[in-house]
Amino acid sequence: MTEQRRRAPLGSAALRQLIEELAESLGRSVAVTDPSVRGVCASRHFGDADRARVHSLLQGRASGDVSRHFLDQGVTRWPRPDFLRGRDDLGLQPRYCVPLRERGHFLGLLMVIAPDATLTPEETETIARATPAVIGQLYADHLLADAEQAGEQELLLSLLDPDPTTRADSRHRILDDGLLPDAPHAAVSVVQAARCQASPGQVAAALSGALDGFRRTRSAHGAFAVTPDRVVLLQLSDRPLEPEALREQSRHILDVLGTRLDAAAAPVIGIGGHHSGLSSARTSYQQALVAVRAARRIPALNDIGSWEDLGELAVLLQLPDRALNTSLIPKPLRTLLESGGGHRLAETLRCFLDHAGSTTRTADALRIHRTSLHYRLRQIQEITGLDLDSGADRMTLHLGLRVRDLLLSLGTADETAIPGTDDGGHRVRTTAAAATTGRGTATAARTPPAAPQDQARRTANVHPAHQVPPQRTRTARERTARPVTADGHRRAEAA
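Now for a description of the structure that goes with this document. (Residues numbered from 1 in each chain as written. Predicted model: local features only at pLDDT ≥ 70, side-chain atom pairs only at ≥ 80, totals over all residues. Heavy atoms only, no water.)

## Thoughts on the overall build of the protein chain
For step 1, the next point in the chain: For the protein chain, the helix and strand inventory stands at 18 helices and 10 strands.
For step 2, the next point in the chain: Across the 495 residues of the protein chain, 50% fall into the buried class.
For step 3, the next point in the chain: Once local pairs closer than 6 in sequence are excluded, the contacts in the protein chain between residues at least 24 apart make up 65%.
For step 4, the next point in the chain: Looking at the protein chain as shown, the accessible area adds up to about 23000 Å², and 51% of this sits on carbon and sulfur atoms. (Helix = DSSP H or I, 4+ residues; strand = E, 2+ residues; numbered from the N terminus. Buried < 20%, exposed > 50% of the residue type's maximum accessible area, 1.4 Å probe, protein only. Contact = heavy atoms within 4.5 Å. Areas by Shrake-Rupley, 256 points an atom, 1.4 Å probe, with all protein chains shown as cover.)

The following block contains the structure:
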């Protein structure tokens, strides 16, 4: 789902006329950008167009490196006009930049190409005289665009409202106004930025600029609503929205935001589940909010969370922060983690559970003999007092391991309070993937450094549809009579 490329959006006819008149009087190329250094209006060339300008006109925005160069110079915070130095490696000649502000609001930049980084006093005076009219027209265009976008945003936010009546009314208005079609496939993404030095207006402008290209793509119709720290993007399509396409889209958005916001903004994206049409948009939105929380709290996700990949973590992440603590780790698992050799047994247990109780695949993944595996499983049952042939007991242990992984990934709890973080100097291995899986992933299986490629494939994700069915549960008398044995496991697997 790539962004549709197009020429830079032009400003109003009145603004274009002002820019052309200024360019003619100077004999230089002139352009106006928005607060995110995205082209709004540009004059004709005067033989001074550089590679950066041509790219901006053809692609609809400056390249990421050029945008970063502008922002690194702090040009959006300049109190007065000044020269922006050029860079040969970016094909960027120096520019005379005038910050455009109205009533304290930063509207964008007026830029004049100046190859030798100098202007005559007459030229700077000409620019100064033209600037108020440019600001006035840009502000008027801004207000008009805001009014149109405000109506669109109000409809979209109403579509996501908790009240069913409000949602139904919004859906009818969206369809009547032709804002979006009621396509059969819908997904919502939420982009969220942390508080940073940039003003809320600058953050909102950056978020809006990063998503504007997705109002309509080759494969979907979209609409978005911007608040001071987040933007909600709804996309509808006649075909299913592919998860990998949505991730690629999210990576592109983050790349663009990286050129327009400082690192402190730390934007993250949550992708909601795939649902049918406008009527299900709220469900996808709620899932996207959970995915945003995952992206913010789990470093292994690399700033992009997807509801479809969260598994049982989707449930845990809906608990309030105060409830996510070590008290959620079941006592039997805590006992195992705190026992002698707990790190080895925890790895074995995780691998066994992630492989749906298949001793053959577990032994292969751990690269140990099945007799050794059965011995470890017997130890686990003796220490925890639970039965690994019981579905309920397996769920207790598996969920407990996930809770522990999540606590370690969140980094909000004192690790010394989490059982098993240190056992005789050996920390229980918790891989990054362990905290982001939910669907039978052999995340913490012990793999030697020189494990061959085929072994790595053995420990890859196992989709539930491909998992071996759970082993036959023993009778109550068998469970109470003795712990699991190697022979017992062989009989169970044969069954």
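Continuing now.
## Observations regarding the sheet that holds strand β7 (residues 221-226)
For step 1, the next point in the chain: Taken in spatial order, the five strands line up as β7-β8-β6-β9-β10 in an open sheet, and their pairing is mixed. Only two strands of the sheet have a single neighbouring strand rather than two, namely β7 and β10 (304-306). On average, each strand axis in the sheet is tilted by 15° relative to the strand beside it, whichever way the strands run.
For step 2, the next point in the chain: Two elements, strand β9 (residues 268-271) and β10, share three bridges in a ladder whose sense is parallel. Across the sheet, I269 pairs through a bridge with I304, a residue of β10.
For step 3, the next point in the chain: Its contacts with the sheet put helix α7 (residues 243-260) on β6 (185-192), β8 (230-237), β9 and β10, and the angle it makes with β9 is roughly 160°.
For step 4, the next point in the chain: Against the sheet, helix α8 (residues 281-297) engages β6, β8, β9 and β10, with an angle of about 35° to β6. (Pairing = 2+ DSSP bridges. Axes fitted to C-alpha atoms, helices over the stretch in contact; angles between N-to-C directions.)

## Considering the pattern of salt bridges
For step 1, the next point in the chain: Under the counting rule described, the total for this entry stands at 12 salt bridges.
For step 2, the next point in the chain: Residues R44 and E24 are paired through a salt bridge, measuring 3.0 Å at the closest nitrogen-oxygen approach. Within this pair, whereas R44 is found in the loop between β2 (39-42) and α2 (51-59), its partner E24 is found in helix α1 (residues 13-26), the two being separated by 20 residues in sequence.
For step 3, the next point in the chain: Owing to a relative accessible area of 42%, R44 belongs among the partly exposed residues under this scheme.
For step 4, the next point in the chain: For the salt bridge of R251 with E244, the shortest nitrogen-to-oxygen distance reads 2.7 Å.
For step 5, the next point in the chain: Residue classification places R251 among the partly exposed residues on the basis of a relative accessible area of 38%.
For step 6, the next point in the chain: Accessibility expressed as a relative area gives 42% for E244, which makes it partly exposed.
For step 7, the next point in the chain: Overlapping salt bridges bring together E244, R247, R251 and D309 as one network. (Salt bridge = Lys/Arg side-chain N within 4 Å of Asp/Glu carboxyl O.)

## Looking at helix α3 (residues 64-72)
For step 1, the next point in the chain: Considered for burial, the residues of α3 that qualify are V66, S67, H69, F70 and L71.
For step 2, the next point in the chain: Positive phi shows up at G74, right after α3, with a value of about 70°.

## What about the packing of aromatic side chains?
For step 1, the next point in the chain: Applying the stated criterion across every chain, the model contains one aromatic pair.
For step 2, the next point in the chain: Note that R44 overlies the ring of F46, its terminal NZ or CZ placed 4.2 Å from the centroid. (Phe/Tyr/Trp six-rings, centres within 6.5 Å; stacked < 30°, edge-to-face > 60°. Lys NZ or Arg CZ within 6 Å of the ring centre and 35° of its normal.)

## As for the nonpolar core
For step 1, the next point in the chain: Residues L333 and L349 are the most contacted members of the largest nonpolar core, which totals 37 residues.
For step 2, the next point in the chain: If you list the elements that add at least two residues to this core, you get α8, α10 (313-316), α11 (331-337), α12 (342-354), α13 (359-366), α14 (370-384) and α15 (391-410). (Core = buried A, V, L, I, M, F, W, Y, C linked by side-chain atoms within 4.5 Å.)

## Focus: the environment of E308
For step 1, the next point in the chain: Secondary-structure assignment places E308 in helix α9 (residues 307-310).
For step 2, the next point in the chain: Judged by its relative accessible area of 32%, E308 is partly exposed.
For step 3, the next point in the chain: E308 sits 65 residues away from P243 along the chain, and the two C-alpha atoms are 8.3 Å apart.
For step 4, the next point in the chain: Only 3.3 Å separates the side chain of E308 from the backbone nitrogen of H274, close enough to count as a polar contact. (Polar contact = N/O pair within 3.5 Å; in protein donor to acceptor, adjacent residues only side chain to side chain.)

## Re the packing of α12 against α14
Geometrically, a packed helix pair is captured by the angle between its two axes and the distance between the axes.
For step 1, the next point in the chain: Packing of α12 against α14 brings their axes to within 10 Å, and their N-to-C directions diverge by 105°. In terms of orientation, α12 and α14 fall into the roughly perpendicular class. From α12, R344, L345, T348, L349 and F352 reach across to α14, where they touch L373, R376, L377, Q379, I380 and I383.
For step 2, the next point in the chain: Grouping the constituent residues of the contact of α12 with α14 by class yields seven nonpolar, two polar and two charged. (Parallel < 35°, antiparallel > 145°, perpendicular 65-115°, else oblique. Nonpolar A, V, L, I, M, F, W, Y, C, P; charged D, E, K, R; others polar.)

## Quick notes on the side chain of R28
For step 1, the next point in the chain: Tracing the sequence through the fold places R28 in the loop between α1 and β1 (30-33).
For step 2, the next point in the chain: Within polar-contact distance, the side chain of R28 engages the backbone oxygen of I113 at 3.3 Å.
For step 3, the next point in the chain: In this structure R28 touches A23, S43, F46, D48, V112, I113, A114, P115, T118, L119 and E123, once residues within four positions along its chain are discounted.

## Quick notes on unusual backbone geometry
For step 1, the next point in the chain: The phi torsion at N302 lies on the positive side, around 55°, for a residue other than glycine.
For step 2, the next point in the chain: Summarising the element assignment, N302 is placed in the loop between α8 and β10.
For step 3, the next point in the chain: Even without a glycine there, the phi angle at D303 is positive, about 75°.
For step 4, the next point in the chain: Locating D303 in the fold gives a position in the loop between α8 and β10.
For step 5, the next point in the chain: D303 sits in the partly exposed class, given a relative accessible area of 38%.

## Thoughts on empty space enclosed by the protein
For step 1, the next point in the chain: Inspection of the entire model under this criterion finds two cavities of 30 Å³ or more.
For step 2, the next point in the chain: Of the volumes computed, that of the largest cavity is approximately 260 Å³.
For step 3, the next point in the chain: Lining the largest cavity are 22 residues; nearest its centre among them are A31, T33, R53, S56 and M111.
For step 4, the next point in the chain: Here the residues of the lining of the largest cavity are counted per class, giving 16 nonpolar, four polar and two charged. (1 Å grid on protein atoms, 1.4 Å probe; cavity = no way out; pocket = protein on both sides within 12 Å on 5 of 7 lines; lining within 4 Å. Points joined across faces, edges and corners; volume = space filled by probe spheres on them.)

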